[in-house]
Amino acid sequence: MKIQAPKGTFDILPYGAEPSWQTSSLWQRAEEEIRRLARNYGYLEIRTPLCESTELFDKGVGESSDIVMKEMFTFQDKGGRSLTLRPEGTAPVMRALVEHRLLERGGPHKLFYIGPMFRYERPQSGRYRQHHQFGIEAVGIAAPEQDVEVIDLFLELYRRMGLKECNVLLNSVGDAPSRIAYRNALIEFLTPHFSELSPDSQVRFSKNPLRILDSKDPKDKEILTGAPSILDHLSEEAAVHFSAVRKALDLLQIPYLVDPRIVRGLDYYNKTVFEIVSPQLGSTIGGGGRYDGLIKTFGGPDLPSVGAATGLERVLQVVSSEGKPELQGPLFHAIPLGEEAKAVLFHLVAECRRQNISAQVELSTEKLQTALRNATQTGASYCAILGSAELAKGVLQWKNLMTREAEEIPIDRFFSILKERGLV
Ligand code: HAM
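Residues numbered from 1 in each chain as written. Predicted model: local features only at pLDDT ≥ 70, side-chain atom pairs only at ≥ 80, totals over all residues. Heavy atoms only, no water.

1. Regarding the overall build of the chain
Of regular secondary structure, the chain possesses 15 helices and 16 strands. Computed over the C-alpha atoms, the radius of gyration of the chain is 27 Å, more than 25% above the 22 Å expected from 2.2 N^0.38 for a compact globule of 424 residues. In terms of overall dimensions, the chain has a C-alpha envelope of 90 × 55 × 45 Å along the principal axes. Across the 424 residues of the chain, 50% fall into the buried class. Across the chain, contacts joining residues at least 24 apart in sequence account for 67% of those joining residues at least 6 apart. (Helix = DSSP H or I, 4+ residues; strand = E, 2+ residues; numbered from the N terminus. Rg over C-alpha atoms; globule rule 2.2 N^0.38 Å. Buried < 20%, exposed > 50% of the residue type's maximum accessible area, 1.4 Å probe, protein only. Contact = heavy atoms within 4.5 Å.)

Okay, here's the thing in structure tokens:
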């Protein structure tokens, strides 16, 4: 039996990927764009382990969330410790900030991460058991403009990646006093419907009734159509924050829709929450919000924080639907015809690499046709052929693999000619 990648996971291939968004050059481009963008907005990179103590997510993400209830890859290590493959990045970043006492430096901390996350979900289009997130976390900033900076950063990323349309759905889940008031109103509304709720929602009814708003169950959704809105139960402080967020969005001319049903799938949020939806994909590509005080749960100070993350699979699915990804091979593929030519090209290519010019020598065949096919398959832009006739004249046959145009280039002027033509 052939061994395959685990269900819900996939390989990222240099070529031949099906679907084409699983091509590595697309991922590299996205990651380069992300790093540039993060620098533009003043975020620095943090990398945390792929697995953490299970307790971190129980405490951080919340016991009534789908993630903790059903989706974690949890296992015991040989020392009997319970570990979990990270399902998200926010709790690990908070843990790292506290563990390394970075907050003692004072001031705000603006961090970003790119990497795989693991959720045991039912695999379907756009849902994977290993997916990749780009996330940002801004810790120590209470200003509503910070919430808008986060939204603006993701919209700018989508714009740079060429996504045509992205809609921002905005809500506030209030602060603690707002949620106590809303929880009571929601319980009062849901009590007569308790027996009709899905089993999951019945559990949430006592644990965290707000979570019921996030239910995908059709019957739950029907019951919820008449539910009270959290926006009618915001404390004064939460209402002021929400209206300041809206004002700052208007200032940056970011269109948005207020949707009181957005509560997000994780328990740590308060005040602003948002999701960004791609109509091209027909689903959410990114989401986040404020999570003031989460860091206190991990033994840190009581700091305001806001952040968000986007799934790279979903972004690349939209990007790749617009065209075939390009192969990013070396500048040229050197093809020696004979032992003497091989020695010359082997040396020339080694010199190219020292000068930061990407090149490779054909070492797998002595047949010109096969070598030319290999050159095209690895995505080289040119090939340089050296046979006995060229050796005698001291030249290379230099062939553009796109246009098929060929010419002779003197070997002793090779580097200066590449420079003159702006190829290096
Ligand atoms: P999230 O909404 O659970 O938020 O995930 C962020 C994004 O990751 C989603 O919008 C989606 O694009 C992608 N995603 C999530 N699950 C999957 C999956 N199974 N397959 C493919 N893509 C997926 C968070 O994780 C929060 N930590 C975001 C955050 C950061 N909030 C504050 N700071």
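2. Points about the site of the ligand
In the vicinity of the ligand, 27 residues are found, and the nearest of them are Glu-88, Glu-121, Glu-137, Arg-264 and Tyr-269. For the ligand, a nitrogen atom lies 2.5 Å from a polar atom in the side chain of Glu-121. Between the ligand and Tyr-128, the relevant distance is 2.9 Å, taken from a nitrogen atom to a main-chain nitrogen or oxygen of the residue. For the ligand, whose unbound accessible area comes to 660 Å², protein coverage reaches 96%. Among the secondary structure elements, those contributing two or more residues to the shell around the ligand are strand 6 (130-139), strand 10 (283-290) and strand 11 (305-311). Residue contributions to the shell around the ligand peak at 5 residues, all from strand 10. (Near = heavy atom within 4 Å. Polar contact = N/O pair within 3.5 Å; in protein donor to acceptor, adjacent residues only side chain to side chain. Areas by Shrake-Rupley, 256 points an atom, 1.4 Å probe, with all protein chains shown as cover.)

3. Regarding the domain arrangement of the chain
Domain annotation of the chain identifies domain 1 (20-175 + 235-321) and domain 2 (332-420). For domain 1 and domain 2, the distance between their C-alpha centroids amounts to 47 Å. (Domains from an automatic or database assignment.)

4. Considering the packing of aromatic side chains
Aromatic ring pairs are reported here in terms of the distance separating the ring centres and the angle at which the planes meet. What the rule picks out here adds up to 15 aromatic pairs. Here the aromatic rings of Phe-10 and Tyr-128 are separated by 5.3 Å at their centres, their planes lie at 70°, and the arrangement is edge-to-face. With Phe-10 in the segment before helix 1 (24-40) and Tyr-128 in the loop between strand 5 (109-118) and strand 6, this residue pair connects regions lying 118 residues apart in the sequence. For the residue pair Phe-10 and Tyr-128, the accessibility class agrees, reading buried in each case. Chaining the aromatic ring pairs together yields one cluster made of Phe-332, Tyr-382, Trp-398, Phe-414 and Phe-415. Note that Arg-129 overlies the ring of Tyr-120, its terminal NZ or CZ placed 3.8 Å from the centroid. (Phe/Tyr/Trp six-rings, centres within 6.5 Å; stacked < 30°, edge-to-face > 60°. Lys NZ or Arg CZ within 6 Å of the ring centre and 35° of its normal.)

5. Observations regarding the nonpolar core
Residues Tyr-43, Met-94, Phe-134, Phe-154 and Tyr-158 are the most contacted members of the largest nonpolar core, which totals 89 residues. Formed by 21 residues, the second largest nonpolar core is a distinct cluster that contains Ala-334, Val-349, Val-361 and Leu-386. (Core = buried A, V, L, I, M, F, W, Y, C linked by side-chain atoms within 4.5 Å.)

6. Concerning the environment of Phe-346
Positionally, Phe-346 belongs in helix 12 (residues 339-354). Separated by 14 residues in sequence, Phe-346 and Gln-360 place their C-alpha atoms 8.5 Å apart. Leaving out residues up to four positions away in the same chain, Phe-346 has contacts with Val-361 and Leu-363.

7. A short note on helix 5 (residues 144-160)
Its 17 residues place the ends of helix 5 25 Å apart at the C-alpha level, agreeing with the 24 Å of an ideal helix rising 1.5 Å per residue. For helix 5, a buried count of 12 out of 17 residues is recorded, marking the element as mostly surrounded by other parts of the structure. Of the residues making up helix 5, those classed as buried are Pro-144, Gln-146, Asp-147, Val-148, Val-150, Ile-151, Leu-153, Phe-154, Leu-155, Glu-156, Leu-157 and Tyr-158. (Expected span 1.5 Å × (residues − 1).)

8. Let's talk about the sheet that holds strand 14 (residues 382-386)
With respect to topology, 5 strands assemble into an open sheet ordered 13-12-14-15-16, the strand pairing being mixed. One side of each edge strand has no neighbouring strand; the edge strands of this open sheet are strand 13 (359-361) and strand 16 (406-410). On average, each strand axis in the sheet is inclined to that of its neighbour by 25°, with strand direction left out of account. As paired strands, strand 12 (residues 332-336) and strand 14 are joined by 5 bridges and run parallel to one another. (Pairing = 2+ DSSP bridges. Axes fitted to C-alpha atoms, helices over the stretch in contact; angles between N-to-C directions.)

9. Observations concerning helix 7 (residues 199-207)
Taken together, the buried positions of helix 7 are occupied by Ser-201, Arg-204 and Phe-205. Axial view of helix 7: buried residues confined to an arc of 115°, hence all on one face. Those residues of helix 7 that are exposed and aimed more than 90 degrees away from the buried face are Pro-199 and Ser-206. Of the surrounding elements, those touching the buried residues of helix 7 are helix 3 (66-71), helix 6 (176-190) and helix 8 (218-224). (Arc of directions from axis to C-beta.)

10. What to know about the pattern of salt bridges
A full pass over the atoms with the stated rule returns 29 salt bridges. Of the charged contacts, one joins Arg-95 and Glu-99 as a salt bridge, the two residues approaching to 2.8 Å between their closest N and O atoms. Linking Arg-95 with Glu-99, this pair stays in helix 4 (residues 90-99), spanning 4 residues, or about one helical turn. A single salt-bridge network, built from bridges that share partners, covers Glu-33, Arg-36, Glu-156, Arg-159 and Arg-160. (Salt bridge = Lys/Arg side-chain N within 4 Å of Asp/Glu carboxyl O.)

11. Things to note about the environment of Asp-259
With respect to the helices and strands, the residue Asp-259 is situated in the loop between strand 8 (256-258) and strand 9 (270-278). Overall, the relative accessible area of 21% leaves Asp-259 in the partly exposed class. Between the alpha carbons of Asp-259 and Glu-149 there is a distance of 20 Å; along the sequence they are 110 residues apart. Setting aside anything within four residues of it in sequence, one finds Asp-259 in contact with Leu-169, Leu-170 and Asn-171.

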